2 protein chains.
Amino acid sequence: MVIVEAVRWSDDQRAVRIIDQRELPSREVVRELRTLDDVCDAISTLSVRGAPAIGIAGAMGLVVTSLEFAQLARTSFLDRLQENADRIRATRPTAVNLGWALGRVLAVARASDESGESLVRRLRDEVTSILDEDRAMCRRIGEHGAALIRDGARVLTHCNAGALATAGIGTALATIYVATEQGKHIHVFADETRPLLQGSRLTAWELSRAGIPVSVLADGAAASLMRECGVDLCIVGADRIAANGDVANKVGTYALAIAAQRHGIPFYVAAPSSTFDPLTASGDQIEIEQRQANELRMGFGVRTAPESVGAYNPAFDVTPAELITGIVSDRGIHYPPYDFSKGLE
Amino acid sequence: MVIVEAVRWSDDQRAVRIIDQRELPSREVVRELRTLDDVCDAISTLSVRGAPAIGIAGAMGLVVTSLEFAQLARTSFLDRLQENADRIRATRPTAVNLGWALGRVLAVARASDESGESLVRRLRDEVTSILDEDRAMCRRIGEHGAALIRDGARVLTHCNAGALATAGIGTALATIYVATEQGKHIHVFADETRPLLQGSRLTAWELSRAGIPVSVLADGAAASLMRECGVDLCIVGADRIAANGDVANKVGTYALAIAAQRHGIPFYVAAPSSTFDPLTASGDQIEIEQRQANELRMGFGVRTAPESVGAYNPAFDVTPAELITGIVSDRGIHYPPYDFSKGLE
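Residues numbered from 1 in each chain as written. Chains lettered and ligands numbered in written order. Predicted model: local features only at pLDDT ≥ 70, side-chain atom pairs only at ≥ 80, totals over all residues. Heavy atoms only, no water.

Some details on the relation of the copies chain A and chain B
Quick reminder of the rule: For the least-squares superposition of copies, only C-alpha atoms count, and only for residues with pLDDT at least 70 in both. Residues are treated as being in contact if the distance between any of their heavy atoms lies within 4.5 Å.
Expressed as a screw operation, the relation of chain A to chain B combines 0.0 Å of axial shift with a rotation of 180°, fitting to an RMSD of 0.1 Å. Taken together, the rotation and translation relating the two chain copies correspond to the operation of a two-fold axis. Within chain A, the C-alpha atom positioned nearest to the axis of rotation is that of A:F300, 2.9 Å from it. Of all interface residues in chain A, 100% are interface residues in chain B too; the two copies therefore contact each other through one and the same surface.

Structure, rendered in structure tokens:
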């Protein structure tokens, strides 16, 4: 089984190698990001997306773009490094992972007494650690979650919580990859996930590339699929998990959870420990980003609704904990009653 | 308030005048159908759609295309009329209304002892009656349903059960038009309705053209709208209503009804009496048409999913009667327990 790698070092370790997700599913275009403009452009245009993947691509980008001023004296080097980090962070200001990963590189740079190429090597090692940690975390989520999936299962997912969103094998999709490695035959149903179609464009692409059978469906057809054809399990990713187990994820997740409950279908969420937010007591405190109306009015580059009409276009919705059968993290499977007020132990 | 007319006679009464729905919402293109090819093409390419509108356009088309052989002797005229009717019917073989409306024209032709232009005039009068009946029926549905909608209401609908689907003011949307005529201020939320986007392309267009405030949303966002913003009422159309009140309608309707139940939001269906099917005992007996995968894999001419993946793409779903608060017909509002086994009295 070949699982795609969304973000990695180039062969010469002097560039960030990404799959340009804007081109999917039509073409698999690999880009090597070498300049600051390359890196900022790739993140801001969503060539690379998914919280862990963005963080890692940004941190890798910070390292490779520091090569050109590696010969500077330490103080000047640190100033330039900070400037670059600020520019990269500004491409997706609300992406928590991006700030966190860039901060980790800056902290190592400041704590080190090295300079020049040897300092850059140290920073590269730090980012390689972040990358390895992300891969290991995905793998652990996959191993915990695979136990939930029986041979022959029909699994429904939403959006893309896959390899394309991380440096590893994903979160929700990691469970499917590991179950497949274990010899289980799984059929995945992927909600297309309007408006940006991450399900049909990305999830369907990465699963079919790995040889896993996958069918796409309109988001509105998921309840009908449950009723007419049967679904064994739903599993989705998460953008943020509140202390009480409420989950913010791509819009459409909540509707899926309601339908799953009606049909008695287990509904799981998979996410790394960094997604759990002990400071948010419940989903009511999660502010939902509203995205621009043209994602709905101009779908696919064609006019899909009159220019003059309004739009309700939230990026996320909140699924209350009571609808969630279990939450799979890199630490194990968590069951209700949920209490993440102290984070994951 | 200007409500669009989807199908009507041309000014000279020698052509069928339609709004080409393939061009919406970008352009309002009016076409006059004069030849058999025009008529068949308009129906088969979905330039005209919606069960009542198709039936009426087909019957009008049968009359206008008979003008060119009106001078034939009676028997030859009837033969040609039958041939044309067969060709028109074959464009949408499963559209019950089309066969019914064509049959009504043929029956009048056979029962009449007239010939030539005067026979064609008689057929035209018959079709005008069908048109007038459809308009009156829409109006009655609107009047019954308007009573359900309060001033200031936020109403959620799915697909297009509007003027564009009938010769009159629609079915589900008729309730909104009549309530607006009564001076009520209503905000409509229109599910975009993937894969063919009848909600954003057609419902949003005809409502905004009538000056009624409308917002579009992704189908997956409807449950979030109910939770975050509140919805007073859902109202949708129907393709078929079984004797026990189960409703087949555009895919996505069932998911909406489940979400409405969770939020305690009344869920209504609006349909003419011809939609009630006493011979179908329950929704389980309704066969669901599967449509081609490319509606999902190639949205609007753009590749939206890999070519190789499967698709679950039912045209309709079935909403069980228990989720339906009431059914608005031209005869009134029907409440549970539903029993349409003798049709509508």
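Anyway, onward from the coordinates.
Focus: the pairing of strand β7 (residues 233–236) of chain B
Residue and element names in this part refer to chain B. Rules: Summary of the burial criterion: residues with accessible area below 20% of their type's maximum are buried, those above 50% are exposed, and those between are partly exposed, where the area comes from a 1.4 Å probe applied to protein chains only. Helix numbers and strand numbers start at the N terminus; a helix is a DSSP run of H or I with at least 4 residues, a strand a run of E with at least 2. Pairing between strands is defined by DSSP: at least two bridges between the two strands are required.
Burial along β7 is two-sided: the face carrying L233 and I235 and the face carrying C234 and V236 are both buried. Note that strand β4 (residues 154–157) and β7 share two bridges and pair parallel. Residue L156 lies in a different strand from β7, and its bridge partner there is C234. Pairing geometry for β7 and strand β10 (residues 267–270), over three bridges, is parallel. Paired with C234 across the two strands is F267, which belongs to β10.

Examining the interface of chain A and chain B
Short version of the rule: One side-chain nitrogen of Lys or Arg within 4 Å of one carboxyl oxygen of Asp or Glu is enough to make a salt bridge. Polar contact criterion, stated in full: a pair of N or O atoms within 3.5 Å, where within protein one must be able to donate a hydrogen and the other to accept it, and residues adjacent in sequence count only if both atoms are side-chain atoms. For this classification, the nonpolar set comprises Ala, Val, Leu, Ile, Met, Phe, Trp, Tyr, Cys and Pro, the charged set comprises Asp, Glu, Lys and Arg, and every other residue, Gly included, is treated as polar.
Tallying the contact residues gives 52 residues for chain A and 53 residues for chain B. Linking chain A with chain B are six salt bridges, by the criterion used here. Residue B:R194 is joined to A:E192 by a salt bridge in which the shortest nitrogen-to-oxygen separation is 2.6 Å. Inspection of the region where chain A meets chain B yields 25 residue pairs in polar contact (both at pLDDT 80 or more). Where the side of chain A that touches chain B is concerned, the elements lending two or more residues are α7 (198–209), β6 (214–217), α8 (222–228), α9 (253–262), β13 (302–303), β14 (310–312) and β15 (316–319) of chain A. The element that contributes the greatest number of residues to the side of chain A that touches chain B is α9(A), accounting for six residues. Class assignment for the residues of the side of chain A that touches chain B results in 29 nonpolar, 12 polar and 11 charged. Pairing of β14(A) with strand β6 (residues 214–217) of chain B, which is carried by three bridges, proceeds in the parallel orientation.

Let's talk about the sheet that holds strand β8 (residues 240–242) of chain A
Residues and elements named next belong to chain A. With mixed pairing, the four strands of this open sheet are ordered in space as β11-β8-β9-β15. Sheet topology places β11 (276–277) and β15 at the edges, where each strand pairs with a single neighbour. In the sheet, strand β9 (residues 247–250) pairs with β15 via four bridges, with the strands oriented antiparallel. Bridging from a neighbouring strand, N249 pairs with D317 of β15.

Description of the pattern of salt bridges
The final tally for this structure, using the stated rule, is 58 salt bridges over all chains. With its nearest N and O atoms 2.9 Å apart, the salt bridge here joins B:R22 to B:D20. In this structure, the salt-bridge partner of B:R34 is B:E32, at a minimum N-O distance of 2.9 Å. When its relative accessible area of 37% is taken as the criterion, B:R34 is described as partly exposed. For B:E32, a relative accessible area of 33% corresponds to the partly exposed category. In this structure, a network of salt bridges that share partners links the residues A:E5, A:R8, A:D11, A:D12, A:R17, A:E32, A:R34, A:D132 and A:R135.

Here we look at unusual backbone geometry
All names here are of chain A. Here the amide bond leading from R194 into P195 is cis, since omega sits at 5°, within 30 degrees of zero. Its place among the elements puts P195 in the loop between β5 (187–191) and α7. Phi angles above zero are rare outside glycine, and C159 is one such case at about 60°. Inspection of the secondary structure puts C159 in the loop between β4 (154–157) and α6 (172–181). According to the relative accessible area criterion, C159 is buried, its value standing at 9%.

Looking at the packing of helix α5 (residues 116–146) of chain A against α6(A)
All names here are of chain A. Here is the rule: To obtain each axis, a line is fitted to C-alpha atoms, and for helices this fit is confined to the stretch in contact; angles are then taken between N-to-C directions over 0 to 180 degrees. Angles are sorted into four bins: roughly parallel if under 35 degrees, roughly antiparallel if over 145, roughly perpendicular if 65 to 115, and oblique for all others. Note on convention: near helix rotated counterclockwise from far helix by under a right angle means a left-handed crossing. Clockwise means right-handed.
For the pair α5 and α6, interaxial distance at closest approach is 7 Å and the crossing angle is 65°. Of the possible angle classes, the one that applies to α5 and α6 is roughly perpendicular. Where α5 crosses over α6, the two elements pack in a sense that is right-handed. In this structure, α5 contributes C138, R139, I141, G142, E143, G145 and A146 to the contact, and α6 contributes A174, T175, V178, A179 and E181.

Topic: the packing of α9(A) against helix α9 (residues 253–262) of chain B
Where α9(A) contacts α9(B), the two axes come as close as 10 Å, and the packing angle between them is 85°. Judged by the inter-axis angle, α9(A) sits roughly perpendicular to α9(B). Two secondary-structure elements touch here, α9(A) through A:Y254, A:I258, A:A259, A:Q261 and A:R262 and α9(B) through B:Y254, B:I258, B:A259, B:Q261 and B:R262. Here the residues of the contact of α9(A) with α9(B) sort into six nonpolar, two polar and two charged.

With respect to the pairing of strand β2 (residues 16–19) of chain A
Residue and element names in this part refer to chain A. Alignment of strand β1 (residues 7–9) against β2, held across three bridges, turns out to be antiparallel. If you follow W9 over to β2, its bridge partner there is V16. Hairpin connection of β1 to β2: six residues between the antiparallel strands, including Q13 at a positive phi of 60°. Two elements, β2 and strand β3 (residues 30–33), share four bridges in a ladder whose sense is antiparallel. Each bridged residue has a counterpart across the sheet, and for I18 the counterpart in β3 is R31.

Let's talk about the packing of aromatic side chains
Note the threshold: When two rings of Phe, Tyr or Trp (its six-membered ring) have centres within 6.5 Å they constitute a pair, described as stacked for plane angles under 30 degrees, edge-to-face for angles over 60, and tilted for the intermediate range. Charges are assigned to positions over rings by a cutoff of 6 Å between ring centre and Lys NZ or Arg CZ, combined with an angular limit of 35 degrees from the ring normal.
Applying the stated criterion to the full structure yields six aromatic pairs over all chains. Geometrically, the ring pair formed by B:F69 and B:F77 is tilted, given 5.3 Å between the ring centres and 55° between the ring planes. Ring geometry for B:F276 versus B:F340: centroids 4.7 Å apart, planes at 70°, classification edge-to-face. You can see B:F276 sitting in strand β11 (residues 276–277) and its partner B:F340 sitting in the segment after β17 (332–334), a full 64 residues away along the chain. Exposure class is identical for B:F276 and B:F340. Each is buried. What links up through ring pairs into an aromatic cluster is the set A:F276, A:Y338 and A:F340. The ring of B:Y254 is capped by A:R227, whose NZ or CZ atom sits 5.7 Å from the centre of that ring.

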